[in-house]
Every structure is written in structure tokens, then in C-alpha cells.
Amino acid sequence: MDTYIIVSSLIIGILFILYHFETKKRLDSEKSAKRLQDIINQLDSQAKIIIKTDLALNKAQEELDRKITGLYTLHELGKKVSSTFNTENLFSMINQPLVLKLGFSKMLIMLKDELSGILKTKSATGYADDQIKTIEIELNKRSFAGSLLKKEKPVLVNRDNDSMGQEYNLLDILNIESFITAPIVARDESVGFILMGNTSLYGKVTEGDTEVLSILASQIGTAIENTKLYTELFSSHKELERRVAERTQELEKLNNELKNLNKMKSDFISAVSHELRTPLTSIKGYASILMTGKLGDVLPAQKERLEKIDKHSNSLVHLINNLLDIARIESGKIQMEMKDISIKEMMDSVVDIIAPQVKEKNISLKINSKIRFDKIKADQGQMERVFLNLLSNAVKFTPEKGNVTISIDEKEDDTQFSIEDTGIGIPLQDIPKVFQEFFRADNALDQKIKGSGLGLSLVKKIVEAHRGKIWFNSELGKGTRFSFTIPKY
């Protein structure tokens with residue numbers, strides 16, 4: 001209107017000047033009058049164009065301002081939505097102040113119930129509770145619900161548009177003059193819709209509102225999807241925690257049972273071993289007396305059998321001693337006499353003991369030592385048992401003219417010992433059982449060689465009692481390498 005006044009004043013001024021000019025010159029001819037009329041008509045036409053353009057620019061500016069305000073509002077809403085995993089909090093954010101900022105007076109958000117498929121209102125602005133109930137009934141009993149859910153893009157409806165079909169009836173149900181609706185999609189499925197509208201004829205929704213509502217519907221859909229994912233993840237996490245807790249209790253119970261069984265086993269072995277040692281000592285003693293001939297002459301055949309009694313008695317005593325030592329180590333009854341010992345002296349003693357077996361099979365025995373310090377803190381007697389067991393096995397399971405190598409390496413805090421042979425190796429299926437008590441590998445050679453299956457179990461317990469670790473690598477038909485570490489201090 002201000003532009004119109006300015007243009008009108010301009011026209012009046014020009015007319016006044018022309019009139020004054022024409023009066024002075026006394027130009028009363030019809031030609032001059034027609035010319036003046038043409039000028040007036042042109043100025044009036046231009047004024048109308050200016051006014052029309054100004055109105056269009058104002059409308060476009062208002063539309064742009066409204067769109068910018070809506071996008072900024074949605075941007076701020078998006079930051080809040082991204083930090084919530086609760087749908088109730090989400091819908092509480094889409095309230096009356098936000099709806100007014102977007103340029104609407106009424107709003108409905110309706111979601112489909114997962115079980116019944118019925119639309120239920122999750123948030124509303126501009127409607128009373130009884131009105132919402134009526135709207136829900138009307139939408140669910142007609143075909144509106146399915147139609148609104150199936151729409152793949154926003155739908156815009158104005159009162160002056162007669163070609164909208166059943167959507168036009170929604171204006172009366174919702175008591176508004178225009179509205180726009182957009183589907184809410186979560187996990188590629190339409191789960192509901194959002195509707196915004198105005199009751200005023202002068203506040204009709206426009207095409208520019210479709211983008212704003214599409215963004216808002218997308219934000220809601222993403223938030224619902226994130227909430228479902230979070231809920232599923234949280235439930236899975238709780239279920240996993242419950243199962244872990246149950247399994248932990250079961251394992252703890254089983255562990256306690258195993259500890260009790262292991263103690264019972266150790267106590268039983270210890271008791272039985274002690275009971276066996278007394279008669280074995282008597283058997284061995286009487287056999288020795290008989291072999292001396294003090295109780296009468298001993299025939300060669302008798303002597304041979306007495307020697308077998310003595311030999312097998314020694315084997316049983318050795319077995320019983322190993323069982324007792326394992327039980328004592330497990331129960332902590334054996335105290336390791338830890339002191340500084342010479343590695344070289346210990347190895348000389350071990351090699352001297354094992355030499356007859358090595359010589360008998362014509363096996364090459366080598367020692368590769370790479371240590372600077374010759375001392376370790378250990379129980380010498382127990383450590384010699386470890387080496388004798390490992391070397392004895394290496395010699396037993398290595399063919400004639402094979403090789404056995406003892407390697408000694410210095411690590412940061414440990415001294416590492418390795419006994420490597422070129423023997424038959426250990427079958428893959430037997431590897432997890434090697435350190436088990438009484439285990440014997442299932443191969444032809446092992447069945448021919450006598451043994452109790454306690455040696456490696458005893459070795460492992462002695463090494464662990466020294467705060468060390470033991471392991472091995474083996475390849476069937478090529479040999480085995482047992483390695484263990486002993487702390488330097």
C-alpha cells in the first residue's frame with residue numbers, strides 16, 4: 001500500500017506539472033488532450049505492474065522467511081532427537097510452540113499399533129481429548145487409515161480444491177481449512193503419519209510446506225527406528241548379562257566341585273600310596289634277602305624271577321613316589337628349596353645319568369648354551385627330575401642314530417630351556433592331553449615302551465611350582481620340542 005501511495009503522488013505531481021505547463025502555453029487542442037490521456041494511462045498501467053510485482057515479492061519473501069524459520073526449527077529439533085532413544089520424549093518435543101514456529105495451528109501424529117494395526121494418536125496440538133478420540137474412530141472405521149499409511153509422499157489438501165476425493169472429507173473430520181500429511185517410515189515400512197493444518201482461510205498450506213513436513217516425518221521415522229534398535233540392543237545386552245551371570249554361577253559351582261574332587265583324588269592317592277609303600281618295601285626286602293642266598297641256595301631260575309620281582313618292585317616304588325609328589329605339589333605340601341644353582345653343574349649331572357640310554361641307542365646328544373650368567377634360583381633336585389623326565393622321553397621316542405638337542409637361552413627375566421628330538425612326534429588329536437595324568441599316546445611305539453603316564457604331568461607341576469611355564473611343539477614323524485622357562489630371580 002505504501003508503494004501505491006508513492007506512485008499515486010508521483011502521478012498527481014506529474015499531472016500538475018503538465019497541466020501547469022499546458023496552461024501557460026494555452027494548448028487547448030484535442031491533440032494535446034489525447035497525448036496527456038495516453039501518458040496518464042501508461043503511468044497507471046506501470047503503477048499497477050509495480051504494485052503487483054511488489055505484492056508478489058512480499059509474498060515470496062514471507063514464504064522464504066517461513067521456510068527458513070521452519071528449516072532452522074527442524075535443525076534444532078534434529079539435534080535433540082538424535083540424542084534420545086525414548087519415543088515419549090520424542091513426541092513431547094513436537095509440541096505447540098514448535099508447530100506454531102512451523103506456521104501451523106493444528107498437528108496430529110498417529111502411529112499404527114504393531115499387533116492390531118489400528119491408528120493411535122501419539123501427539124496432538126490444537127485438539128481436545130474428546131476430539132482426538134472422535135478423529136481416531138473416524139479414521140480407523142473408514143478407509144482413511146490405509147490410504148494415509150500408503151501415501152509415499154506428502155499430500156496437500158485445501159478447501160477450494162474439489163478434486164481430492166476422500167482426503168477432502170478429512171477437512172471436516174479434522175475441522176480445518178487446509179492440511180498437509182506425510183508418511184512416517186521406519187525400517188522401510190510405513191508405521192504412521194504426521195498431519196499439520198490451519199483453520200484460517202488466509203493461512204492455507206502451500207507446496208513449500210511439503211519439504212518441511214517431509215524432513216520432520218523423516219526425523220520421526222529415524223528416531224523411532226533408532227529407539228527400536230536401541231531397545232533390541234539393550235534387551236539383548238540384558239539377556240546376555242543374565243546368561244553370563246547364570247553361566248558364571250554354574251562354572252563357579254562346577255569349579256568348586258572340581259576342586260573338591262581334585263582334593264579327594266589327591267587325598268586318596270596319597271593315602272593309597274602310603275599304604276602301598278609298606279608292603280612293597282617288605283616284598284623288595286625279602287626278595288633281596290632271598291637273592292643273597294642267606295636262606296638257602298638259589299637256583300638260576302629262581303634268581304631270575306627274584307630279579308624280576310626286584311625290578312618291578314622298583315618300578316612300583318617309582319610310580320608311587322611320582323603319585324605322592326604330584327599330590328603333594330597340588331596340595332602345597334612340598335616346599336621347593338629355592339637357591340642359586342649352577343646350570344652347567346646341573347646339566348653335567350643330568351647328562352651323566354642319561355648317558356647309558358643315549359649310548360645304547362647311538363643317539364647324538366648336544367647342548368647349545370647362549371647364556372651369560374650360569375646361575376638360576378631353583379630346587380636342584382626337582383629341576384633334575386624335570387630334565388631327566390624330558391630327556392628320557394626324548395631318547396625313548398627317538399629312533400637309533402637320531403638327535404637330541406638341549407638349548408639354553410637367556411630371556412629378559414627368565415632362562416628358557418628346550419629339549420628337541422627327532423623322534424616320532426605326537427599325533428594332533430593327542431596334543432591337548434599330553435600333560436594329563438596317566439595319559440599314553442595311541443601309537444605302536446608308545447605301547448611297546450613301558451611307562452605310567454605321570455612323567456609329563458609331574459614335570460608341568462614342578463615347572464609351575466617354580467613360577468615357570470612349559471609348552472611344546474610337535475610334528476608327527478619329525479620330532480618334538482619341549483620348552484620351559486624358569487625365572488632368574
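Scoring rules and cut-offs
Residues numbered from 1 in each chain as written. Predicted model: local features only at pLDDT ≥ 70, side-chain atom pairs only at ≥ 80, totals over all residues. Heavy atoms only, no water. Pairing = 2+ DSSP bridges. Helix = DSSP H or I, 4+ residues; strand = E, 2+ residues; numbered from the N terminus. Axes fitted to C-alpha atoms, helices over the stretch in contact; angles between N-to-C directions. Phe/Tyr/Trp six-rings, centres within 6.5 Å; stacked < 30°, edge-to-face > 60°. Buried < 20%, exposed > 50% of the residue type's maximum accessible area, 1.4 Å probe, protein only. Contact = heavy atoms within 4.5 Å. Salt bridge = Lys/Arg side-chain N within 4 Å of Asp/Glu carboxyl O. Core = buried A, V, L, I, M, F, W, Y, C linked by side-chain atoms within 4.5 Å. Parallel < 35°, antiparallel > 145°, perpendicular 65-115°, else oblique. Left-handed = near helix turned anticlockwise from the far one by under 90°. Expected span 1.5 Å × (residues − 1). Polar contact = N/O pair within 3.5 Å; in protein donor to acceptor, adjacent residues only side chain to side chain.

Caption draft 1: Summary view of the sheet that holds strand E1 (residues 106–112). Ordered by their spatial adjacency, 5 strands build an open sheet running E2-E1-E5-E4-E3, and the pairing between neighbours is antiparallel. Taken across any chain shown, the strands that pair with only one partner, and hence form the sheet edges, are strand E2 (119–125) and strand E3 (155–158). Each strand of the sheet is rotated relative to its neighbour by a mean of 20°, with strand direction disregarded. Summarising the sheet, E3 and strand E4 (residues 178–186) pair through 4 bridges and their orientation is antiparallel. Residue pairing in the sheet places Asn158 in a bridge with Ser178 of E4.

Caption draft 2: Representation of the packing of aromatic side chains. In the structure shown here, the tally under the stated rule is 7 aromatic pairs. With a centroid separation of 5.5 Å and 65° between ring planes, the pair formed by Phe387 and Phe484 is classed as edge-to-face. Of this pair, Phe387 sits in helix H11 (residues 380–396) while Phe484 sits in strand E12 (residues 479–487); the two residues are 97 residues apart in sequence, bridging distant segments of the chain. Counting every residue linked through ring pairs, the aromatic cluster contains Phe387, Phe417 and Phe484.

Caption draft 3: Just the environment of Met338, in detail. Checked against the element boundaries, Met338 lands in the loop between helix H9 (300–331) and strand E6 (339–342). Under the relative-accessibility criterion, Met338 is labelled partly exposed at 34%. The spatial distance from the C-alpha of Met338 to the C-alpha of Lys377 is 5.7 Å, given a sequence separation of 39 residues. Setting aside residues no more than four positions away along its own chain, Met338 makes contact with Lys377, Ala378, Asp379 and His466.

Caption draft 4: Here's a closer look at the pattern of salt bridges. For the coordinates displayed, the defined rule picks out 14 salt bridges. The closest approach of N and O atoms between Arg242 and Glu239, which form a salt bridge, is 2.4 Å. Of this pair, Arg242 and Glu239 are both found in helix H8 (residues 208–292), 3 residues apart, which corresponds to roughly one turn of the helix. Judged by its relative accessible area of 28%, Glu239 is partly exposed. On the basis of relative accessibility, which here comes to 39%, the residue Arg242 falls in the partly exposed class. Residues joined by salt bridges that share partners form a network here, namely Glu239, Arg242, Arg243 and Glu246.

Caption draft 5: Highlighting the pairing of E2. As defined by bridge partners, E1 adjoins E2 across 6 bridges and the pair is classed as antiparallel. Residue pairing for E2: Met110 is matched across the bridge by Thr121. In sequence, E1 turns back onto E2 through a hairpin of 6 residues, with Gly117 there showing a positive phi of about 80°.

Caption draft 6: Looking closely at the nonpolar core. Ranked by size, the top nonpolar core spans 36 residues in total, and within it Phe387, Leu390, Phe417, Ile419, Phe482 and Phe484 carry the most contacts. The set of elements that each furnish at least two residues to this core consists of helix H10 (343–360), strand E8 (375–378), H11, strand E9 (403–410), strand E10 (414–421), helix H13 (455–465), strand E11 (470–475) and E12. If one sorts the elements of this core by residue count, H11 sits on top with 7 residues. In this view, Phe417 contacts Ile343, Ile376, Phe387, Ser407, Ile408, Phe482, Ser483, Phe484 and Ile486; residues no more than four positions away in its chain are not counted.

Caption draft 7: Focus on the packing of H10 against H11. It is the contact of H10 with H11, at a shortest axis distance of 10 Å, that shows an interaxial angle of 30°. Of the possible angle classes, the one that applies to H10 and H11 is roughly parallel. Once H10 is placed against H11, the crossing between them reads as right-handed. Along its contact with H10, which presents Met346, Met347, Ser349, Val350, Ile353, Ile354, Gln357 and Val358, the element H11 presents Gln380, Met383, Glu384, Phe387, Leu388, Leu391, Ser392 and Val395.

Caption draft 8: How the structure looks around H11. A rise of 1.5 Å per residue sets the reference length of H11, with its 17 residues, at 24 Å; its end C-alpha atoms lie 24 Å apart and thus fit the reference within 8%. The complete set of buried residues in H11 reads Gln382, Met383, Glu384, Val386, Phe387, Leu390, Leu391, Ser392, Ala394 and Val395. Residue Asp379 occupies the N-cap position of H11, its side-chain oxygen lying 3.2 Å from the main-chain nitrogen of Gly381.

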